Each structure stands twice: as structure tokens, then as C-alpha cells.
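# Structural description and commentary
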Amino acid sequence: MRELLLFNTLTRKKEVFIPIESGKVRMYCCGPTVYNYQHIGNLRTFFFEDILRRVLEINGYAVTHVLNITDVGHLISDEDEGDDKMELGAKRENKSVWEIAEYYTNVFKKDLERMHILPATHNPKATSYIHQQIAMVRCLEELGYTYVTGDGVYFDTSKFTGYGKLARLDIEGLEAGERVEFSVEKKNKTDFALWKFSPKDSQRQMEWESPWGKGFPGWHIECSAMSKALLGNNFDIHCGGVDHIPVHHTNEIAQSEACNREKFVNYWLHGEFLLETDGKMSKSKGEFLTLQYLMDKGFHPMHYRYFLMNTHYRKKLNFSFEALDGARTSFERLKNRILTLKDNEKERKVDNSNIEKYLSSFFSKINDDLNVTEALALLWEMLKDNALNPVEKIEIAFEMDKVFGFGLKDIEHEDEVLDVPDEVMQIAGQRMEAKNQQDYKKADDLRNQLSAMGWKVIDTKDGFKLEKL
RNA sequence: GGCGUGGUACCCAAGUGGUUUAAGGGGACGCUCUGCAAAAGCGUUAUUCAUGAGUUCGAAUCUCAUCCACGCCUCCA
């Protein structure tokens, strides 16, 4: 097996990946809270995880991939204040929280499919694992890691040695209470809720009985419980966005390692943010970009996928329509190249040493902490290499595409007459006629007329084709 | 206030001590093709890597300082 290097947040270094079980990888990825649409920044993280998954698979690993669905509403802040995002979403849309969860889960899965993000092996829902979450809180209680306050059961972070090591937290320097009221009942500012009690004065749509009374699970426990249930106490890879490092993943480690009394995760990988011109993309700002919005603007999900490959997953990326436009052009040209190669794919001798040369270079790039950006550059270099014949190029491109995920194999010539209005078709026909009679003045006039109507004529060797401007 | 990241051509960006006097894509320009265009193909496009010092035989890559932009310490991908 080839050597694969991955950047581990725990050590802040690239490390050689060694699975727990030979040839197999168990991987857990933090999924969305389904109270609203996912924005294109959220999708960047799932895209990064998809690349990771594909790189593992092309290296021959059998991957068990868990991507959870958070359908329990958590409070907006860590303290005992604020509203529940799910309940808020339900109120906003006049639906039940369960309907909200189902609707946004489906949209999310549809988005992943459109982005060619491979479906996970398991998509556990937090509400289906309440029992396991309660069991884990009990486990922590029995081992003396918890205490009860007026609003819930809390994890005492001072009892867990090495708390915050993932994030390299400077606990003293944390300014809890700066922007949020600090709960006086919390013993340490980093303590967090494992189980929250339902409010006495109002009825929650989602609540469950527990040994501590009616309530709902704290935010971090679901990932600890579900990963334990599906992947075991110790597994290979855990990923998510960089924002999860200081709080969510830090707390997951504390809970899981405290309860299981063994190492939780071997490799932690985190994807960087997508930024907008005015900073981080975030839902709380109100308006945010969705994949559907890009599609409404005439972009294909693959254009966005190509755009994301412009940079490494550990680097911030600025979103702009100008850059997305560039990605669209690049992708369309790439498709064109592949189609041309497919058309010229005649039986020719394949020189395996040519193929091997490119593929080994390809592997050295993707296996160096998922450098798809360089791998993509290699694809272009290869396509322009005159030493290769079309059959060889196709073979290499398809192999590389197992990681890129553009779906190059399935690319076909598009139907050239996609709902062209009769009138447009007629004028285009007249122009062709005029052109054949060498009446270029008239032909050009008709072409201008078409472009005024929003259509572009492209002459081909035996006719013409029309495109929308 | 604390922690951290980044500044590479017109744009998105790769590269983190010598094989790079800097990938790839977009754009622009030129050529081929075309009646002319478009589309497509080919080619050109940074002696230079925010700025200033320093380390080194050698730096975009290491060190220090300065300027600028951004992220985290709230829920967040």
C-alpha cells in the first residue's frame, strides 16, 4: 500500500496514516443541524470529506463513513439562554420540528448528491440515539465526571486531564462571559451540558424522559454516543470544520475518553472556511448562499466543485462570482476535452509506462495531505501532453476522476436543441441559407437579431448549433 | 485582551531551503480555423513572491520587525 500523509490537528503535523485495522478505515464526520438550508460554505466541508473518502478508497481502503444528522435542537448559546434552533425553525415555518428536520435533511442529501459527494455508509440521526446518549451520560456520572445544576447535568472539565489539548486551549486566556452571560452555576468556564432539563413554564416539541428528569441531550454528546455505537470506542478519523476544534471536538474527546477510558480518535482532520468579501459566511447573518441559488444563477454544481479544487482544504477560500465564472469556463473546457478524446478513442496501443508515470505522480500529490489542487494541474498537463494518445489520456483521466468526482465517464454530448423556440430556430435556419448563398450581410444581420433575442449561433462543420447567452 | 492564519501576475491560486530565474485554471493579447465571427486548438503573458533588515554557498520558502487582511476565544462547516 502507498504511503498516505494526513495533517493531524492533534499534533499539527502531517503524519503517515496507519489504520487501526489493516485495509480498513472508520471515519466519523460531523453533519449538519437540519434547521435550515446548508450554505455553500457548509458544503465546502462535506466536499473536503468526500475528497478524503475518495483518496482513502483509491488507496485501497474499505471505508466505513458516518455522517450524522443533528435533528435535536440545541440552544443558541452554551449558557442556559437563547432559543432552540430547531424549535425556532419550526416556528418560523409553522411546522413541527420533526417536519423541519425531515425537510432539511432531504434537501441536504439532495445537495450532496448534486455535488457528487458520495453517500456515507451511515447517516445516524441524533433523535434515534437518545438511549445511547443517556447511557453515556450515566457512564460519566458513575465515574464522577458530572454535577447537576438547576438547568441540567454538566461535565466537569477540571476532572479530565488534558482537557483542551486538541485545540491547545489557553484556558486562562478564554474570555467566557465576554459576550454571553456566564452561568453562575458552572464550576469552570469550559464546563458544558450533557443533559438539559425542559423548561418548567413551556412545552418543548422534542423532549425525553431520563434518570435526571424530562429534557433533551446536550450538544456534544450525540457525536460521542453515535460514533461509539457505529464505529467503536477508538476509530481512525474524525473530521469537521475548523470551528469545531475549540469547543465541539474538544468536548467530544473529554466525554468519550472519560467514559470509554481509551483513546477516542487517532487522526483529526479539519476543513477551513469559505469566506465572502465581508468575512465568514454564516447563517446568523441572515442571507446566505445556497447551492440552489448558484443553480438558479445558471451554475452547475460541478462548477462549484471545480471552484473548490482551486485550493487546499486547510486554506481559507474567498468566494466570488468572478472566480466561480472562471471555474465554470475551466470545467466546461475540461468536459470538451474529454468529449473530444472520447470521439477519437480508436483502438491504439496503450503504453502502460506512460500511464504509470502520470498515475504515480498523481498519487504522490493526493497522498500528500490531499493535494487535489496540484493533482488537477497534473490533469491539465497530461491532457496537453503530445506523447500520449487519446486512449491513454482517457484511461488516466478516468482514474484521476475517481478522486476529483467530476463524473467524466458519464459526460455525453449534450442535446443541442434544448427547448429552442421555433422562431429562433427559423431565423437560424434562414441565416444558414443566406450564408450558403454567400449573402453575408443578411447572415450577419440575422445573427445579430438572434443575439438580441439572447441566442448565440455556433457554426459546426455540418451546420450550426444554438446556445443561450 | 488571548490564540491562530494568510499576504505569490489583471483574477482564483500551487509551491514552504537548491531539479522552480515560481504549477494549473480564468482573463487579456497573438496565431490557426472561419466569408467574418463564435466555438475549438496552439502560443505569449511574474528575473519575482506585502515591506524592511538578517541567517545561509543558496530563500517565495528560515528568523526578527513593520504594514495589511482574515479566523477563533458565542451557536457555527
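Residues numbered from 1 in each chain as written. Chains lettered and ligands numbered in written order. Predicted model: local features only at pLDDT ≥ 70, side-chain atom pairs only at ≥ 80, totals over all residues. Heavy atoms only, no water.

## Remarks on the sheet that holds strand β8 (residues 215–217)
Within a sheet, neighbouring strands are paired by backbone hydrogen bonds and run either parallel or antiparallel to one another. What counts, and what does not: Two strands form a pair only when DSSP identifies at least two bridges running between them. Helix and strand assignments follow DSSP, with helices taken as H or I runs no shorter than four residues and strands as E runs no shorter than two, numbered in order from the N terminus. Helix axes use the C-alpha atoms of the stretch in contact, all axes being lines fitted to C-alpha atoms, and the angles between their N-to-C directions lie in the range 0 to 180 degrees.
Strand order in the open sheet made by the four strands is β5-β6-β7-β8, with antiparallel pairing throughout. Looking at the sheet topology across the chains shown, the edges are occupied by β5 (146–148) and β8. Averaged over all adjacent pairs, the angle separating strand axes in this sheet is 20°, with direction ignored. Relative to strand β6 (residues 152–155), β5 runs antiparallel, the two sharing three bridges. Across the sheet, residue T146 finds its bridge partner in β6, namely F155.

## Some thoughts on the state of the cysteines
Selection rule: Count a disulfide wherever a pair of cysteine sulfur atoms falls within 2.5 Å. Three exposure classes are used, based on accessible area relative to the maximum for each residue type with a 1.4 Å probe and protein chains only: buried under 20%, partly exposed in between, and exposed over 50%.
For the structure shown, the criterion picks out one disulfide. Covalent S-S linkage joins C139 and C259, the inter-sulfur distance amounting to 2.2 Å. Sign of the S-S torsion, about 115° for the bond between C139 and C259, identifies this disulfide as right-handed. Residue C139 is located in helix α4 (residues 130–142), and its partner C259 is located in helix α6 (residues 245–260); the two are separated by 120 residues in the primary sequence. Judged on exposure class, the residue C139 and its partner C259 are both buried. Its sulfur unpaired, C29 is 3.3 Å from the next cysteine sulfur, which belongs to C239. On the basis of relative accessible area, C29 is assigned to the buried category, the value being 0%. You can see C30 has no disulfide; the closest cysteine sulfur is in C223, sitting 4.0 Å from it.

## Overview of the nonpolar core
Burial of nonpolar side chains together is a common tendency in soluble globular proteins. Applicable threshold: By convention a nonpolar core is built from buried Ala, Val, Leu, Ile, Met, Phe, Trp, Tyr and Cys residues, the set being connected through side-chain atoms within 4.5 Å. For the domains described, the bounds stem from an automatic or database domain assignment. Contacts are residue-level and defined by heavy atoms, with any inter-residue pair within 4.5 Å sufficient.
Of all hydrophobic cores here, the largest spans 128 residues; its most connected members are L56, I237, Y304, F362 and F406. By residue number, the principal contributor to this core is helix α1 (residues 40–58), which donates 10 residues. Each of domain 1 (19–271) and domain 2 (279–409) gives at least three residues to this core. Ignoring sequence-local partners within four residues, the contact set of F362 consists of I58, A375, L378, M400, V403 and F404.

## Points about the domain arrangement of chain A
Looking at chain A, the domain boundaries give domain 1 (19–271), domain 2 (279–409) and domain 3 (422–468). Domain 1 and domain 3 are separated by 58 Å when their C-alpha centres are compared.

## A short note on the sheet that holds strand β10 (residues 265–271)
Strand order across the open sheet formed by four strands is β4-β3-β9-β10, with parallel pairing between neighbours. In the strand order of this sheet, the two ends are held by β4 (62–67) and β10, each with one partner. Adjacent strand axes in the sheet meet at a mean angle of 20°, parallel and antiparallel pairs treated alike. Where strand β3 (residues 24–29) lies against β4, six bridges are found, and the strand directions are parallel. Opposite Y28, over in β4, you have V66 as the bridge partner. Taken strand by strand, α1 contacts β3, β4, β9 (235–241) and β10, and its axis lies near 155° from that of β9. Most of the contacts of α6 go to β9, to which it runs at about 155°, and overall it touches β9 and β10.

## Observations concerning the side chain of T9
As a reminder of what qualifies: As used in this structure description, the phrase polar contact means that two N or O atoms lie within 3.5 Å; if the pair is within protein, one of them must be able to donate a hydrogen and the other to accept it, and residues adjacent in sequence are counted only when both atoms belong to side chains.
Its location among the elements puts T9 in the loop between β1 (5–8) and β2 (13–16). At 2.7 Å, the side chain of T9 and the side chain of H270 are in polar contact. Ignoring any residue separated from it by four or fewer positions in sequence, one finds T9 in contact with L166, I245, W268, L269 and H270.

## Details of the pattern of salt bridges
Rule in force here: Each reported salt bridge corresponds to a side-chain nitrogen of Lys or Arg within 4 Å of a carboxyl oxygen of Asp or Glu.
Across all of its chains, the model carries 22 salt bridges by this definition. The shortest N-O distance in the salt bridge between D156 and K159 comes to 3.8 Å. In this structure D156 comes out as buried when scored by relative accessible area, which is 4%. Given a relative accessible area of 44%, K159 falls into the partly exposed group. Linked through salt bridges whose partners overlap, the residues forming this network are D50, R54 and R305.

## What to know about the side chain of H65
Summarising the element assignment, H65 is placed in strand β4. In this view, H65 contacts M27, C29, R53, A120, T121 and H122; residues no more than four positions away in its chain are not counted.

## Details of helix α9 (residues 321–343)
We count it as follows: Under the convention used throughout, the expected extent of a helix is 1.5 Å for every residue step, that is, one less than its residue count.
If you check α9, its first and last C-alpha atoms are 33 Å apart, about what 23 residues at 1.5 Å a residue would give, namely 33 Å. Buried residues of α9: L324, A327, F331, L334, K335, I338, L339 and L341, and no others. Where α9 is buried, its residues contact α7 (291–296), α8 (301–308), α11 (372–383) and α12 (390–404).

## Overview of the environment of L4
Following the sequence through the fold, L4 ends up in the segment before β1. A residue is classified by how much of its surface remains accessible, and L4, at 2% relative accessible area, is buried. It is 7.3 Å that separates the C-alpha atoms of L4 and D369, two residues lying 365 residues apart in sequence. Those residues within four positions of L4 in sequence are excluded, and the remaining contacts are E15, V16, F17, V55, L56, I366 and N367.

## As for the environment of Q38
Its place among the elements puts Q38 in the loop between β3 and α1. The buried category is assigned to Q38, whose relative accessible area is 5%. Here the alpha-carbon distance between Q38 and T11, two residues 27 residues apart in the chain, equals 30 Å.

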